[in-house]
Amino acid sequence: MIKVDHLSKSFGKTKAVDHISFEVNEGENLILLGTSGCGKTTTLKMINRLIEPTAGKIFINGRDIMEQSPEALRRGIGYVLQNNGLFPHYTVAENIAIVPQLLKWDDKQIKHRVSELLEKLHLDKKYLNVYPNELSGGQQQRVGLARALVADPPVLLMDEPFAALDNVTRSKIHAEFKELDELKRKTIIMVTHDVQEAFELGDRICLMDKGRIIQNGTPAELLFKPANAFIKDFLKEQRLQLEFKAIKPPPPSEGGTFELQGVAFPADASLWFMLERLQFTKNENIAILDHERKKVGTLGFEELMSAFYQYKKHQPHE
Amino acid sequence: MNEQQQTLWQFMAQQSDKLLTQTLQHIGLTFISLIIAVLVGLPLGILIARKRKLSGSILGVAGVLQTIPSIALLGFMIPLLGIGAKPAIVALLLYALLPIIRNTYTGITGVDGAVKEAAVAMGMSKRQVLFKVELPLAMPVILAGIRTATVINVGVATLASYIAAGGLGEFIFGGISLNNTNMILAGAIPAALLAILFDSLLSMLQHLNLKKLKVAAKVLPVLIIVMACFYFIPSAYGSKLTAGFTPEFMGRQDGNLGLRSKYGLKIHTIVISDAVMYKACFEKELDVISGYSTDGRLKAYDLVVLDDNKKIFPPYYAAPIVRDDALKKFPDLEKTLNMLSGKINDSVMTDLNYRTDYLHQSPERVAKDFLTAHNLYQPERGGNAGIVRIGSKIFGEQYILASMYTMLIKGYTDYDVATKTGLGGTKICFDALTNNQIDLYPEYTGTGLLAILQPQQKAIDALEGDRDKTYNYVKNEFENRYQIKWLQPIGFNNAYALMMRKKQAADLGVKTISDLKQYLERK
Ligand SMILES: Nc1ncnc2c1ncn2[C@@H]1O[C@H](COP(=O)(O)OP(=O)(O)O)[C@@H](O)[C@H]1O
Ligand SMILES: [Mg+2]
């Protein structure tokens, strides 16, 4: 879907991005992870041409992004910023409607789409005619997300979208983020410096340092097959938590699902995700359903823990 | 105080026509220049917000323009744009530019970078970012700039009357030269009220909430344009010839009022300062002007004085007027000042004025040359038996006379001299004399009579415009009322006079003011 090919960017003598290449598949959530100043934002902004690369190419759906006018390209790519960048002189409804206005949708269609998104993002209708400065940080970030999603762009770029939020709000939004159906079909590149967030939300992670990609892989690959000492060192803190986030239970049979109290889990739910859900239910286990929704087994605390040990046993010694 | 207030109201009621015209002109001038300043300043502000390298030089130039004294700026405009509305508007526009450019620049560069980035990232073009994001968010700051510019313009527009552009300055400066406090207030109070009114209206606008601001942004331009149109309403009339009269002349019985009542003269009239009037007449922007009969520019610009056949202009014989206590304190003073008596007639004075005003010789040099030629000059004695303080009004002839008196006093007595020249109009000079800030200055019998004593019309008529009767009347009255003494007249009569270009007057066959009236009435 997105292909980045030997991309570089220098600001004077600083090489902000240094010959990086990676690909993101359709529907995948790729995380650019690294400490501050390693070139994540620069990489992201080159994809919607907020920054022009010094060298290298970017393709979206096989098409070089330089072939399109920057305005047309950007209207097909959602963009979410850390400080939300909401227009202070526009109401919530007007903020969300910016791209549809640019694309000249008719008013009825815009109205319908805006209220649909508000509902999906758990924002009350009463906020429609309110200005951003009257909202809490979490609400502002949801509006920012709605604004990026409104025209249903296939690609979403997010630059530290949750970094400015407090911990409680952030984990709430994380949960919503994973369950939002609008996002499941999208190809997402998200920038973060928060390792836990990367492991929780990412299908794949590019770990960057000094403008280069040190390793590109699934969370489990980074944890258990680190390319070098730098990666190992980077993932040292709260490693147990990361492992639970990286490891998944053996998948259900073809077409089957995991369910708890009638609610289906995402197909790639991690052990961490399941343990978190379980702790809120008493004496009830996760049901394993087959393709005909027949219950073929259950997962409780013990089963999840043993899945963890099974997985760990098969890893080469660290 | 009560009486003063009543007469002010009476004056304003009596002059309500003029007051309305001047107020409308004032509002018009302010807003025409404001519109142009916004049309020029806003794009410039946007430009330097885009290309920051230019910001230093453009803000610098606008800043320098702002520091030029207003009178000087108006003066610079005359050779380029003549007189009237054009130069006044350009001058006002130049003053209004800086706050508008600067605030546009600050407003736009102050917009949150994340908001601008979000706008670009959503696919807005540069234009769209400007109009949908940058300008709306910068609007309160830009409005503050427009507010500053408006208040500056209301103030500076009072000076527009110097170059015949009208406005409330006509009353203010007319009042200063006529020693008429009510007239000054009738101009100054409305001007101050306009400034306060516009300032508070724009301040309200600036603090509106976002939704109302959107509406206001659409209404405001219309409103400003309507105000600008005020300027054109009063000037929608004309006549064959155009007269330019000084604010002082406009308000005097022995000026425009007398021309109307005694001669029945009806002529399209604009108000203009003495400083540019002669040149404007020479350059055919004006046909008839109210000059002084000894003015050097009469000679320089080839003008001719129309005969005052009905004698409405009283004699203006010049003589030094001195505080009685100064004459006591400096016993040799009177004798010395009287040395000049009878020495300078009209044509000599015109020639002396021509040398300073047109040949740009210094008043000191002209004074010394004259005294030397008449064997009156003596080198300074360097005495220190007290200091005589000499004042003068702010025009050439008075500077020359002040110089002559200085040289005579220093040459023939043991007193030293301090000069306080350039004391504005009659009111300022005379107030300085009565408040014991100067000891003497040269005054004119007509001015003493009409501007200072202001007697009943009956008393004026009784003098019949006669030189000696007028002199004796002011001499006695000044002594009684102010303890100020009129010394012997110098000789020349610097009276008001209507003037035209020599050639035009000859072509039209106009020799007297009555001829002029007849010419104007011919269809
Ligand atoms: N506009 C710019 N001009 C100069 N240097 C820049 C600019 N933007 C980023 N840089 C530099 O490039 C490097 C990478 O920046 P960035 O991509 O913002 O890092 P990250 O998002 O990973 O924190 C940093 O060293 C930063 O100082
Ligand atoms: Mg960054």
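Worth saying up front: this structure is predicted, and the values here are computed from it rather than measured.

A.B. asks: Before we go on, may I ask you to explain the overall build of chain A in this structure?
C.D. replies: Broken down by element type, chain A carries 14 helices and 14 strands. On C-alpha atoms alone, chain A measures out to a radius of gyration of 21 Å, which is about the 20 Å that the 2.2 N^0.38 rule sets for 318 residues. With an accessible surface of roughly 15500 Å², chain A has 50% of that area assigned to carbon and sulfur atoms. In chain A, which carries 42 positive and 43 negative side-chain charges, the distance between the mean positions of the two groups comes to 3 Å.

A.B. asks: What is the right way to read the UniProt feature "transmembrane region" (unreviewed entry) in chain B from this model?
C.D. replies: Residue and element names in this part refer to chain B. Feature annotation in UniProt assigns "transmembrane region" (unreviewed entry) to the following positions: residues 27–49, 56–78, 84–101, 137–163, 183–203 and 215–233. Helix and strand shares over residues 27–49 are 100% and 0% respectively, and the end C-alpha atoms of the span are 31 Å apart. Spanning residues 183–203, this segment combines 100% helix with 0% strand, and its end C-alpha atoms are found 31 Å apart.

A.B. asks: Is there a simple way to think about the packing of aromatic side chains in this case?
C.D. replies: Here the distance between the centres and the angle between the planes together describe a pair of aromatic rings. Here the structure, examined in full by the defined rule, presents 21 aromatic pairs over all chains. Geometrically, the ring pair formed by A:Phe87 and A:Tyr90 is edge-to-face, given 5.1 Å between the ring centres and 70 degrees between the ring planes. Judged by its relative accessible area of 0%, A:Phe87 falls in the buried class. Connected via pairs of aromatic rings, a cluster forms that spans B:Phe245, B:Phe249, B:Tyr292, B:Phe313, B:Tyr316 and B:Tyr496. Positioned over the ring face of A:Phe273 is A:Arg277, at 4.1 Å from the centre of the ring. Over the ring of B:Tyr354 we find B:Lys299; its NZ or CZ atom is 4.5 Å from the centre of that ring.

A.B. asks: Whenever I open this one, the site of ligand 1 confuses me. Can you help?
C.D. replies: Residue and element names in this part refer to chain A. Taken together, Phe11, Ala16, Ser36, Gly37, Cys38, Gly39, Lys40, Thr41 and Thr42 are the residues near ligand 1. A distance of 3.0 Å separates an oxygen atom of ligand 1 from a polar backbone atom of Gly39. Between an oxygen atom of ligand 1 and a main-chain N or O atom of Lys40, the distance comes to 2.9 Å. Notes on ligand 1: free accessible area 550 Å², of which the protein chains cover 58%. The element contributing the most residues to the shell around ligand 1 is helix 1 (residues 40–47), with three residues. Considering only residue class, the shell around ligand 1 consists of three nonpolar, five polar and one charged.

A.B. asks: Is there a simple way to think about unusual backbone geometry in this case?
C.D. replies: Leaving glycine aside, a negative phi is the common case for residues, and trans is the common case for peptide bonds. All names here are of chain A. One non-glycine residue with positive phi stands out, namely Asp152, at about 50 degrees. Among the structural elements, Asp152 can be located in the loop between helix 6 (137–149) and strand 7 (155–159). If you check the backbone angles, Gln261 has positive phi at about 50 degrees while not being a glycine. Here Gln261 shows up in the loop between strand 11 (257–260) and strand 12 (263–264). For Gln261, a relative accessible area of 54% corresponds to the exposed category.

A.B. asks: What is the right way to read the environment of B:Ser33 from this model?
C.D. replies: Residue and element names in this part refer to chain B. Mapped onto the secondary structure, Ser33 falls in helix 2 (residues 16–50). Once the C-alpha coordinates of Ser33 and Leu92 are considered, the two residues, 59 residues apart in sequence, prove to be 5.9 Å apart. A polar contact of 2.7 Å, which involves the side chain of Ser33, links it to the backbone oxygen of Leu29.

A.B. asks: Explain the sheet that holds strand 1 (residues 2–11) of chain A to me, please; I cannot follow it from the model alone.
C.D. replies: What links the strands of a sheet is backbone hydrogen bonding, and the strands pair in either a parallel or an antiparallel sense. Residues and elements named next belong to chain A. Here we have four strands laid out as an open sheet, ordered 2-1-4-5, and antiparallel in their pairing. Of all strands in the sheet, those with a lone pairing partner are strand 2 (14–24) and strand 5 (63–64), marking the two edges. Here five bridges tie strand 1 to strand 4 (residues 55–60), and the two strands are oriented antiparallel to one another. Pairing of Val4 across the sheet is with Ile58, part of strand 4. With respect to the sheet, helix 1 is in contact with strand 1, strand 2 and strand 4, its orientation differing from that of strand 2 by roughly 60 degrees.

A.B. asks: Where do I start with the UniProt feature "domain: ABC transmembrane type-1" (unreviewed entry) in chain B in this structure?
C.D. replies: Per the UniProt record, "domain: ABC transmembrane type-1" (unreviewed entry) is annotated on residues 23–202 of chain B. Helix makes up 83% of residues 23–202 of chain B and strand makes up 0%, while its end C-alpha atoms are separated by 19 Å.

A.B. asks: What is the right way to look at the interface of chain A and chain B in this model?
C.D. replies: Many structure descriptions define interface size as the accessible area lost when the parts assemble. Listed by partner, the interface residues are 21 residues for chain A and 19 residues for chain B. The interface formed by chain A and chain B holds one salt bridge in total. Among the ionic pairs, A:Lys45 bridges to B:Glu117, the shortest N-O distance being 2.8 Å. Summed over the shared surface of chain A and chain B, the number is four residue pairs in polar contact (both at pLDDT 80 or more). Counting only elements with at least two residues in the side of chain A that touches chain B, the list comes to helix 2 (70–75), strand 6 (77–80) and helix 4 (98–102) of chain A. Of the residues in the side of chain A that touches chain B, the class split is twelve nonpolar, three polar and six charged.

A.B. asks: When you look at empty space enclosed by the protein in this model, what are you seeing that I'm missing?
C.D. replies: One simple way to see leftover space: roll a probe sized like a water molecule over the atoms. If you walk through the whole model with that rule in mind, you get three cavities of 30 Å³ or more. Taken as a whole, the largest cavity encloses approximately 80 Å³ of empty space. Taken together, A:Arg74, A:Arg75, A:Ile77, A:Gly78, A:Tyr79, A:Val99, A:Arg147, A:Ala148, A:Val150, A:Ala151, A:Pro153 and B:Met122 make up the lining of the largest cavity. The set of elements that each furnish at least two residues to the lining of the largest cavity consists of helix 2, strand 6 and helix 6 of chain A. In terms of residue count, the dominant contributor to the lining of the largest cavity is strand 6 of chain A (three residues). Its residues assigned to classes, the lining of the largest cavity shows eight nonpolar, one polar and three charged.

A.B. asks: Sorry if this is basic, but what is going on with the sheet that holds strand 12 of chain A here?
C.D. replies: All names here are of chain A. Across the sheet, four strands lie side by side as 12-11-13-14; this open sheet has antiparallel pairing. Strands at the two margins of the open sheet, each flanked by one partner only, are strand 12 and strand 14 (295–299). Running at roughly 25 degrees to strand 11, helix 13 (residues 271–278) makes contact with strand 11, strand 13 (286–289) and strand 14 of the sheet.

A.B. asks: Explain the domain arrangement of chain B to me, please; I cannot follow it from the model alone.
C.D. replies: Residues and elements named next belong to chain B. Taken domain by domain, chain B comprises domain 1 (8–232), domain 2 (242–313 + 498–522) and domain 3 (318–494). In this structure, domain 1 and domain 2 have C-alpha centres spaced 35 Å apart. At the interface, 15 residues of domain 1 touch 13 residues of domain 2. Between domain 1 and domain 2, the buried area comes to about 1100 Å², and carbon and sulfur atoms account for 69% of it. At the junction of domain 1 with domain 2, the criterion picks out zero salt bridges. Here the residues of the side of domain 1 that touches domain 2 sort into nine nonpolar, four polar and two charged.

A.B. asks: I keep staring at the domain arrangement of chain A and nothing clicks. Help me out?
C.D. replies: All names here are of chain A. Parsing chain A into structural domains produces domain 1 (2–238) and domain 2 (257–313). Between the C-alpha centres of domain 1 and domain 2 the distance comes to 30 Å. Every contact between the two is made by seven residues of domain 1 and, on the other side, six residues of domain 2. In this assembly, domain 1 packs against domain 2 so that about 490 Å² is buried in total across both faces, 56% of it on carbon and sulfur atoms. Interface area lost by domain 1 to domain 2 is led by Lys178, Glu179 and Phe224, which between them contribute 63%. Counting across the interface, domain 1 meets domain 2 through one salt bridge. Scanning the region where domain 1 abuts domain 2 turns up one residue pair in polar contact (both at pLDDT 80 or more). Among the secondary structure elements, those contributing two or more residues to the side of domain 1 that touches domain 2 are helix 7 (167–179) and helix 10 (219–224). Looking at which element gives the most residues to the side of domain 1 that touches domain 2, the answer is helix 7, with three residues. Its residues placed into classes, the side of domain 1 that touches domain 2 shows three nonpolar, no polar and four charged.

Thresholds, definitions, all that
- Residues numbered from 1 in each chain as written.
- Chains lettered and ligands numbered in written order.
- Predicted model: local features only at pLDDT ≥ 70, side-chain atom pairs only at ≥ 80, totals over all residues.
- Heavy atoms only, no water.
- Helix = DSSP H or I, 4+ residues; strand = E, 2+ residues; numbered from the N terminus.
- Rg over C-alpha atoms; globule rule 2.2 N^0.38 Å.
- Areas by Shrake-Rupley, 256 points an atom, 1.4 Å probe, with all protein chains shown as cover.
- Lys, Arg positive; Asp, Glu negative; His and termini not counted.
- Charge placed at Lys NZ, Arg CZ, Asp CG, Glu CD.
- UniProt positions renumbered as here; feature names shortened; annotations may be inferred.
- Phe/Tyr/Trp six-rings, centres within 6.5 Å; stacked < 30°, edge-to-face > 60°.
- Buried < 20%, exposed > 50% of the residue type's maximum accessible area, 1.4 Å probe, protein only.
- Lys NZ or Arg CZ within 6 Å of the ring centre and 35° of its normal.
- Near = heavy atom within 4 Å.
- Polar contact = N/O pair within 3.5 Å; in protein donor to acceptor, adjacent residues only side chain to side chain.
- Nonpolar A, V, L, I, M, F, W, Y, C, P; charged D, E, K, R; others polar.
- Pairing = 2+ DSSP bridges.
- Contact = heavy atoms within 4.5 Å.
- Axes fitted to C-alpha atoms, helices over the stretch in contact; angles between N-to-C directions.
- Salt bridge = Lys/Arg side-chain N within 4 Å of Asp/Glu carboxyl O.
- 1 Å grid on protein atoms, 1.4 Å probe; cavity = no way out; pocket = protein on both sides within 12 Å on 5 of 7 lines; lining within 4 Å.
- Points joined across faces, edges and corners; volume = space filled by probe spheres on them.
- Domains from an automatic or database assignment.
- Buried area = accessible area lost by both parts, 1.4 Å probe.

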